[in-house]
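Residues per chain, in single letters:
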Amino acid sequence: MFESLSERLDSAFKQLKGEGRISEINVATTVKEIRRALVDADVNFKIAKEFTDRVREKAMGEKVITAISPGQLMVKIVKDELAELMGNTEVELELKANPTVILIAGLQGSGKTTFSGKLANFLKTKKNKKPLLVAADIYRPAAIDQLKVLGGQIGVEVYSEPENKNAVQIAENAIKEAKAKGNNVVIIDTAGRLAVDEVMMTEVANVKAAVAPQEILFVVDSMTGQDAVNTAKAFNERLDFSGIVLTKLDGDTRGGAALTIKYTVQKPIKFVSMGEKLDTLDVFYPERMAQRILGMGDITTLVERAQAQFDEEQAKKLEKKIRQNKFDFDDFKEQLQQIKKMGSIKDLLGMIPGVGKAVKDLDISDDAFKGIEALINSMTPAERANPELIDGSRRRRIAKGAGKEIQDLNQFMKQFEQMRQMMKMMNKIPGGAKGLKMR
Ligand code: GDP
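Residues numbered from 1 in each chain as written. Predicted model: local features only at pLDDT ≥ 70, side-chain atom pairs only at ≥ 80, totals over all residues.

### Concerning the UniProt feature "domain: SRP54-type proteins GTP-binding" (unreviewed entry) in the chain
Step number 1: UniProt tags residues 268–281 as "domain: SRP54-type proteins GTP-binding" (unreviewed entry).
Step number 2: As annotated, residues 268–281 comprises 0% helix and 43% strand, and the C-alpha atoms at either end are separated by 16 Å. (UniProt positions renumbered as here; feature names shortened; annotations may be inferred. Helix = DSSP H or I, 4+ residues; strand = E, 2+ residues; numbered from the N terminus.)

Encoded structure:
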């Protein structure tokens, strides 16, 4: 995500390195580089020009203090402007009404159905709501099945009427059903077309008129660049939507849509969707996104994801085992699974300041964990609970069962043993284990 833009901006800032002060000449060169980088990231030329004009004005007006280099000052100015362009502060969903009706609109393939599932999961787990998902796509029977599968995975009910070809009726009936069953949020997944088309727009507009939703979220594939911005304009003219959802930010997007869509339609980006896992929906924070683009990382999101997975009971149990020097392979596997739930490894690394850039070309797949998990799975329950049992002949059997070489197991066992030694040492320090949380 944004890798090429990040790199280009970084090299633009480097032009200022070594310069003792900001002068008209060196600002002009840097600003020109920034503008080119934005245009190449699929930002409309006019927006890019306005952006860099503001950056230049600010840079020239700043008094350079000795503690900060011109390069650092420029990074700060650009970060503030990027955040401003994307909306500055986050905008929450309006969830007061009971039931709150949320209409999901967008082109076919934009990720509407996937997002509907993610949103239902988000509202259920993070906002304590009882959502009802509604399949109002009357053209594609497969869309109903897709939503049902998603609903099943997250334990959320799905309302559908496979025989009914009237989306307005389906939406109205779904709301009645929600009221009867006590669902306090109704998420209506509407039909999309491959391109903006009058029949689709009229249908969604009719559903809107009939059910008066509190939120209309426009879902758009961020990989479509300027097209995404144009589609947003068309939908906004007809629907006057309340927020934007950018999907597929995990993909190879140049970033133009994320940067300019808010500015163009003057509606906030409310969520970004990265990946197909149902529990990886992030509220959109313009400031954090700006930091990520500039390679400053996004520790806040990383910590929040960790906290979301944090299970206090489990942590206490683990702490006790560590204190008694009883950390075993079952605990290890449990920890691996918790990390995996936080998202893809590459995505997580990208949130650590400075790391994103370093790992962008590496092929880091989540398969690295698979080998270790296979080794642990190949152990008997007794072996997992008592690593000391694992002698030479057991090692051969375990490695073979996992389809691995014995050296792989030896190396893993060695690392595991070192980790246990470290834990033992921590336990010897008074109060040491208390400060040690294996998370
Ligand atoms: P709809 O036609 O708008 O309902 O779109 P779908 O939800 O069916 O999504 C279209 C395709 O994009 C599916 O293959 C999804 O798995 C995929 N998809 C949806 N959201 C994301 C995302 O955030 N990242 C990635 N990589 N793929 C996604």
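Alright, that's what it looks like, and here's the rest.
### Things to note about unusual backbone geometry
Step number 1: Of note, the amide linkage connecting Asn98 to Pro99 takes the cis form, showing an omega dihedral of -5°.
Step number 2: Mapped onto the elements of the fold, Pro99 is located in the loop between α4 (70–85) and β1 (100–106).
Step number 3: For Lys248, which is not a glycine, the phi torsion comes out positive at approximately 60°.
Step number 4: Mapped onto the secondary structure, Lys248 falls in the loop between β6 (243–247) and α10 (256–265).

### Let's talk about the nonpolar core
Step number 1: Val134, Ala136, Ala174, Val186, Ile187, Ile188 and Phe218 are the most contacted members of the largest nonpolar core, which has 88 residues in total.
Step number 2: With six residues, helix α7 (residues 167–181) is the largest single contributor of residues to this core.
Step number 3: Taken together, domain 1 (3–85) and domain 2 (100–296) each give at least three residues to this core, which thus spans both.
Step number 4: Excluding residues within four positions of it along the chain, Phe218 makes contact with Ala105, Gly106, Ala232, Phe235, Phe241, Ile244 and Val245. (Core = buried A, V, L, I, M, F, W, Y, C linked by C-beta atoms within 7 Å. Buried ≥ 20, exposed ≤ 12 C-beta atoms within 10 Å, placed from the backbone. Domains from an automatic or database assignment. Contact = placed C-beta atoms within 7 Å.)

### Quick word on the site of the ligand
Step number 1: By nearness alone, 17 residues border the ligand, and Gly111, Lys112, Thr113, Thr114 and Ser273 come closest of all.
Step number 2: Ranked by residue count, the leading element in the shell around the ligand is helix α5 (residues 112–126), at three residues.
Step number 3: Across the shell around the ligand, the residue classes break down as one nonpolar, 12 polar and four charged. (Near = placed C-beta within 6 Å. Nonpolar A, V, L, I, M, F, W, Y, C, P; charged D, E, K, R; others polar.)

### A closer look at the domain arrangement of the chain
Step number 1: When its domains are assigned, the chain resolves into domain 1 (3–85), domain 2 (100–296) and domain 3 (309–435).
Step number 2: Taking only C-alpha atoms, the centre of domain 1 and the centre of domain 2 are 35 Å apart.
Step number 3: At the level of secondary structure, the elements contributing two or more residues to the side of domain 1 that touches domain 2 comprise α1 (3–14) and α4.
Step number 4: Broken down by element, the side of domain 1 that touches domain 2 gets its largest block of residues, six residues, from α4.
Step number 5: Among the residues making up the side of domain 1 that touches domain 2, the classes are represented as 10 nonpolar, three polar and three charged.

### Digging into the pairing of β6
Step number 1: Taking burial as the measure, the five residues of β6 include five buried ones, the bulk of the element.
Step number 2: Neither face of β6 is left uncovered, since the one carrying Gly243, Val245 and Thr247 and the one carrying Ile244 and Leu246 both have all their residues buried.
Step number 3: Sheet topology places strand β5 (residues 215–221) next to β6; five bridges connect them, and they run parallel. If you follow Asp221 over to β6, its bridge partner there is Thr247.
Step number 4: This β-α-β element, β5 to helix α9 (residues 226–239) to β6, shows right-handed connectivity.
Step number 5: In terms of strand pairing, β6 meets strand β7 (residues 269–273) through three bridges, oriented parallel. Residue Val245 lies in a different strand from β7, and its bridge partner there is Phe271.
Step number 6: Remark: the β6/α10/β7 crossover connection has right-handed handedness. (Pairing = 2+ DSSP bridges. Right-handed = clockwise from strand over helix to strand, strands pointing away.)

### Here we look at the packing of α1 against helix α2 (residues 24–40)
Step number 1: Where α1 meets α2, the axes come as close as 9 Å, and the angle between the chain directions of the two elements is 175°. As judged from the angle between their axes, α1 and α2 are roughly antiparallel. Of the residues in α2, those touching α1 at Leu5, Arg8, Leu9, Ala12 and Phe13 are Thr30, Glu33, Ile34, Ala37 and Asp40.
Step number 2: Class assignment for the residues of the contact of α1 with α2 results in six nonpolar, one polar and three charged. (Axes fitted to C-alpha atoms, helices over the stretch in contact; angles between N-to-C directions. Parallel < 35°, antiparallel > 145°, perpendicular 65-115°, else oblique.)

### Regarding the sheet that holds β6
Step number 1: One open sheet accounts for eight strands, arranged β3-β2-β4-β1-β5-β6-β7-β8; its pairing is mixed. The strands lining the two open edges of the sheet, one partner per strand, are β3 (157–159) and β8 (281–283). Each strand of the sheet is rotated relative to its neighbour by a mean of 25°, with strand direction disregarded.
Step number 2: Alignment of β1 against β5, held across five bridges, turns out to be parallel. Within the sheet, the bridge partner assigned to Ala105 lies in β5 and is Phe218.
Step number 3: Contacting β1, β2 (131–136), β4 (185–190), β5, β6, β7 and β8, α5 runs over the sheet at an angle of about 170° to β4.

### Regarding helix α3 (residues 45–61)
One turn of the α-helix equals 3.6 residues, which is why residues spaced by three or four share an orientation.
Step number 1: The end-to-end C-alpha separation of α3 is 24 Å, in line with the 24 Å expected for 17 residues at 1.5 Å each.
Step number 2: Among all positions of α3, only Ala48, Phe51, Thr52, Val55 and Ala59 are buried. The buried residues of α3 all sit within an arc of 90° when viewed along its axis, so they share a single face. Within α3, the exposed residues directed more than 90 degrees away from the buried face are Lys46, Asp53, Met60 and Gly61.
Step number 3: Contacts from the buried residues of α3 go to α2 and α4. (Expected span 1.5 Å × (residues − 1). Arc of directions from axis to C-beta.)

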